[in-house]
Amino acid sequence: MQRNVNTKGSYHNLCALAETGGETQLAKPLKSSRLAEKAKTNRLIIVSNNLPLHAKRSIDNSGWEFEWDEDALVAQAKEGIPSNMEVLYIGSPPVEVAPEEQEIVSSLLKRKFGCSPVYLDREVKDKYYKGCCKQQLWPLFHYVLSAHPTSTRRFDADLWQAYVKANKVFMEKVVEESATDSDFVWIHDYHLMALPSFLRKRFNRIRCGVFLHSPFPSSEIFRTFPKREDLLRSLLNADLIGFHTFDYARHFLSCCSRMLGLEHETSRGSITLDYYGRSVALKIMPTGVRPQRYLDGFQWDDFRWRRGELAAQFAGKQVLIGVDDMDVFKGIELKLQAFDRFLERHPEWKDKVALVQITNPPRSANRDVMEMHSYVTDLARKINERHGTATSVPLHYLERHVPLYERMAFYS
């Protein structure tokens, strides 16, 4: 999936949200001057599963040290928003914070970063994120259904209750920070699809938008999820729903039509649904890379050093690059199988080509992912045993966090 937010898009999407006031149609975006005027009294609250921060223990182990994650998609969402408009981030911290440290960390994050952390109980967090999100919703949205009664992808009521409970905790944090319906609330991704309903019940006139970073499946797939109507109705409690592509929006509209009996209207390019007297808008928000970030990176000392190191290491070779999450949908095993077959059929390339596979560690511990992880790491080892020489190996498998400067060095 392509990453990053178009700056103008972020600004105009916020304008559209501001125009609704939670009630009216989103056909006419708010003018810049009016948004700037509203910004003096209103805030944008960006809610996501994780805060866009890096964290590490201090040298003396007396506490936590934080810094912005400049490459986090959510962190870039505020670009293009008027500078006099306050932006507050709500989400889980990137590390587990001990209960006795939570008050200190909350105060630090609020003061230095404009972030309000959400602390979830360990058991709830595991069932909510590793269970419901990663084992059930993520496969569902990628067209992978359970075919066996013991599959981790089968619906589990206990995991769903944890999902609902976690969303309620996020709602309580939004209420704690806002306590008014004059703020703009921008919810990110499928982890928090139940949140709009909870917020609408608390603030009837709340101005709330949702952007799904994941695909949205066709109605034939989505209807297999027992809580399908709950999710659809919750999304419809937002004023604006954003999708990456028109196909995802079309699938959502098909679900609303077939499962809820709701029909949409189109007018001058806008798509709206009437839901209990409110006009809910759908918007296509394709996202891509941020070119200036990469252009600036060419001047970084770390980039220049790493690029020089890689140029020397792979001198005279054709280098193939793969960057993927460890997931059953990414096809990493197929890529490695194809590379293995290529070297078998063309042994003359063994010293002329190198495949660098950068793999982010697994985010879920379910059986399918663990089996895939084991298979891929074993296959990577066998490829180098079969085709490696005394001086080089054809496959460089990196399973670790690779910072942007190093990825840029590989790309270039």
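Overview of the structure. Computed from a prediction, not measured in an experiment: that's the story for all the values here.

### Details of the sheet that holds strand β10 (residues 270–275)
What links the strands of a sheet is backbone hydrogen bonding, and the strands pair in either a parallel or an antiparallel sense.
Thought 1: A sheet is described by the order of its strands in space; here 9 strands give the open sequence β5-β4-β1-β6-β7-β8-β11-β10-β9, paired in mixed fashion. A single partner strand is all that each edge strand has here, and the edge strands are β5 (115–117) and β9 (264–267). Across the sheet, the mean angle separating the axes of adjacent strands is 20 degrees when strand polarity is ignored.
Thought 2: Here strand β4 (residues 86–92) pairs with β5 via 3 bridges, running parallel. Each residue of the ladder has a partner; that of Ile90, found in β5, is Ser116.

### Focus on the packing of helix α5 (residues 122–141) against helix α6 (residues 157–178)
Thought 1: Where α5 contacts α6, the two axes come as close as 8 Å, and the packing angle between them is 115 degrees. At the point where α5 passes α6, the crossing takes the left-handed sense. Taking contact as the criterion, the partners of Val124, Lys127, Tyr128, Gly131, Cys132, Cys133, Gln135, Gln136 and Leu137 in α5 are, on α6, Asp158, Leu159, Trp160, Ala162, Tyr163, Lys165, Ala166, Asn167 and Phe170.
Thought 2: Classifying every residue of the contact of α5 with α6 gives 11 nonpolar, 4 polar and 3 charged.

### Here's the deal with the packing of aromatic side chains
Thought 1: According to the stated counting rule, one finds 18 aromatic pairs in the structure shown.
Thought 2: Taking the centre distance of 6.0 Å and the plane angle of 40 degrees together, the rings of Tyr128 and Tyr163 count as tilted. Here Tyr128 is found in helix α5, whereas its partner Tyr163 is found in helix α6, with 35 residues between them in sequence.
Thought 3: For Tyr128, a relative accessible area of 0% translates into the label buried.
Thought 4: Between the aromatic rings of Trp160 and Phe225, the centroid separation amounts to 5.9 Å while the plane-to-plane angle is 70 degrees, which identifies the pairing as edge-to-face. Taken as a pair, Trp160 in helix α6 and Phe225 in the loop between α8 (219–222) and α9 (228–236) lie far apart in primary sequence, 65 residues in all.
Thought 5: Trp160 gets classed as buried once you look at its relative accessible area, which sits at 6%.
Thought 6: The exposure class of Phe225 is buried, given its relative accessible area of 5%.

Conventions and cut-offs
Residues numbered from 1 in each chain as written. Predicted model: local features only at pLDDT ≥ 70, side-chain atom pairs only at ≥ 80, totals over all residues. Heavy atoms only, no water. Pairing = 2+ DSSP bridges. Helix = DSSP H or I, 4+ residues; strand = E, 2+ residues; numbered from the N terminus. Axes fitted to C-alpha atoms, helices over the stretch in contact; angles between N-to-C directions. Left-handed = near helix turned anticlockwise from the far one by under 90°. Contact = heavy atoms within 4.5 Å. Nonpolar A, V, L, I, M, F, W, Y, C, P; charged D, E, K, R; others polar. Phe/Tyr/Trp six-rings, centres within 6.5 Å; stacked < 30°, edge-to-face > 60°. Buried < 20%, exposed > 50% of the residue type's maximum accessible area, 1.4 Å probe, protein only.

From the geometry alone we can't say anything about function, so treat these as descriptive.
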